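Coordinate inspection notes
So you can see what is in the structure, the chains are spelled out below.
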Amino acid sequence: MTLEDLRQYQTLRLRAAKMKARVAEIESSLAYGSDRSLTGLPPPTGTRDKVGDGAIKLLNVRDKLLDRIAEAEAYALALDEQLARLTPAQYRIISMRYLDGLPWPAVVRKMPGYSRSTCYRIHNRGLLRLGIRPPKQR
């Protein structure tokens, strides 16, 4: 795990949520077209089934999105398993800082009873526990 992995976590979750919404839209549009009445007669020779072609394209897009969602969820699950090794304070600070994307002043405000330097120290120890070299504090 790297610091960049932690920074990408929030983006990854947002992308997965957007892809899930797109899959729901696709499935809804496919369901909308499925209630058409069918005559049972084959289409005339040489004509294309535009609705069927469109449905196949939507199904292909949906399948690709589902694959990407599965990859994103597996990656997020692996990060969650790594984060489970942290102490509660380390997890809270690291999750606020990287997973929620909060700036340091907001992280420190949400840790009552902890000074800024204590939050930095807990953060750095948590990163070391994850095998990540802490960045230099400014």
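Let me sum up the structure you'll find in this document. (Residues numbered from 1 in each chain as written. Predicted model: local features only at pLDDT ≥ 70, side-chain atom pairs only at ≥ 80, totals over all residues. Heavy atoms only, no water.)

Some points on the overall build of the protein chain
For clarity, the threshold we go by: For helices the rule is a DSSP run of H or I covering at least 4 residues; for strands it is a run of E covering at least 2, with both sets numbered from the N terminus onward. The buried label goes to any residue with under 20% of its type's maximum accessible area, the exposed label to any with over 50%, and the partly exposed label to all in between, with areas taken from a 1.4 Å probe on protein chains only. Contacts between residues were defined by any pair of non-hydrogen atoms, one from each residue, lying within 4.5 Å. Note that accessible areas follow from Shrake-Rupley with a 1.4 Å probe, and for residues the cover is restricted to the protein chains shown.
Within the protein chain, the secondary structure is distributed over five helices and zero strands. Listed by position from the N terminus, the elements making up the protein chain come as α-α-α-α-α. The 138 residues of the protein chain split such that 28% are buried. Considering only contacts within the protein chain whose residues lie at least 6 apart along the sequence, 70% involve residues at least 24 apart. Carbon and sulfur atoms make up 55% of the accessible area of the protein chain, which totals about 9,700 Å².

As for the nonpolar core
As a reminder, the rule being used: Take the buried Ala, Val, Leu, Ile, Met, Phe, Trp, Tyr and Cys residues and link them wherever side-chain atoms come within 4.5 Å; each set so joined is a nonpolar core.
Core analysis: the biggest nonpolar cluster contains 16 residues, and Leu-6, Leu-83, Ile-94, Leu-127 and Leu-130 have the highest contact counts within it. Going through the elements one at a time, α1 (3–33), α2 (50–83) and α3 (88–99) are the ones with two or more residues in this core. Ranked by the residues each element gives to this core, the list is headed by α1, at five residues. Excluding anything up to four places from it in sequence, Leu-130 contacts Met-1, Leu-6, Gln-82, Leu-83, Arg-85, Leu-86 and Ile-94. Among the nonpolar cores identified, the runner-up in size contains ten residues, and Ala-89, Met-96, Trp-104 and Met-111 belong to it.

Some remarks on the environment of Gln-82
Spelled out, the test is: Polar contact criterion, stated in full: a pair of N or O atoms within 3.5 Å, where within protein one must be able to donate a hydrogen and the other to accept it, and residues adjacent in sequence count only if both atoms are side-chain atoms.
Structurally, the position occupied by Gln-82 is in helix α2. By relative accessible area, which is 26% here, Gln-82 ends up partly exposed. Put simply, Gln-82 and Arg-129 are 47 residues apart on the chain and 9.4 Å apart in space, counted from C-alpha to C-alpha. With near-sequence residues (within four places) excluded, Gln-82 lies in contact with Met-1 and Leu-130. Within polar-contact distance, the side chain of Gln-82 engages the side chain of Arg-85 at 2.8 Å.

Some words on the environment of Thr-11
If you trace the backbone, Thr-11 turns up in helix α1. The sequence separation of Thr-11 and Leu-99 amounts to 88 residues, and the corresponding C-alpha distance is 8.8 Å.

Some remarks on helix α5 (residues 116–129)
Applicable threshold: The span one expects for a helix is its residue count, reduced by one, times 1.5 Å. Note that the arc is defined by the directions from the helix axis to the C-beta atoms.
The terminal C-alpha atoms of α5, which comprises 14 residues, lie 20 Å apart, in line with the 20 Å expected from a rise of 1.5 Å per residue. Buried residues of α5: Cys-119, Tyr-120, Ile-122, His-123, Gly-126 and Leu-127, and no others. Taken down its axis, α5 places every buried residue within 165 degrees of arc, on the same side. When the buried face of α5 is taken as reference, the exposed residues oriented beyond 90 degrees from it are Arg-125 and Leu-128. Positive backbone phi, at 80 degrees, marks Gly-131, one or two positions downstream of α5.

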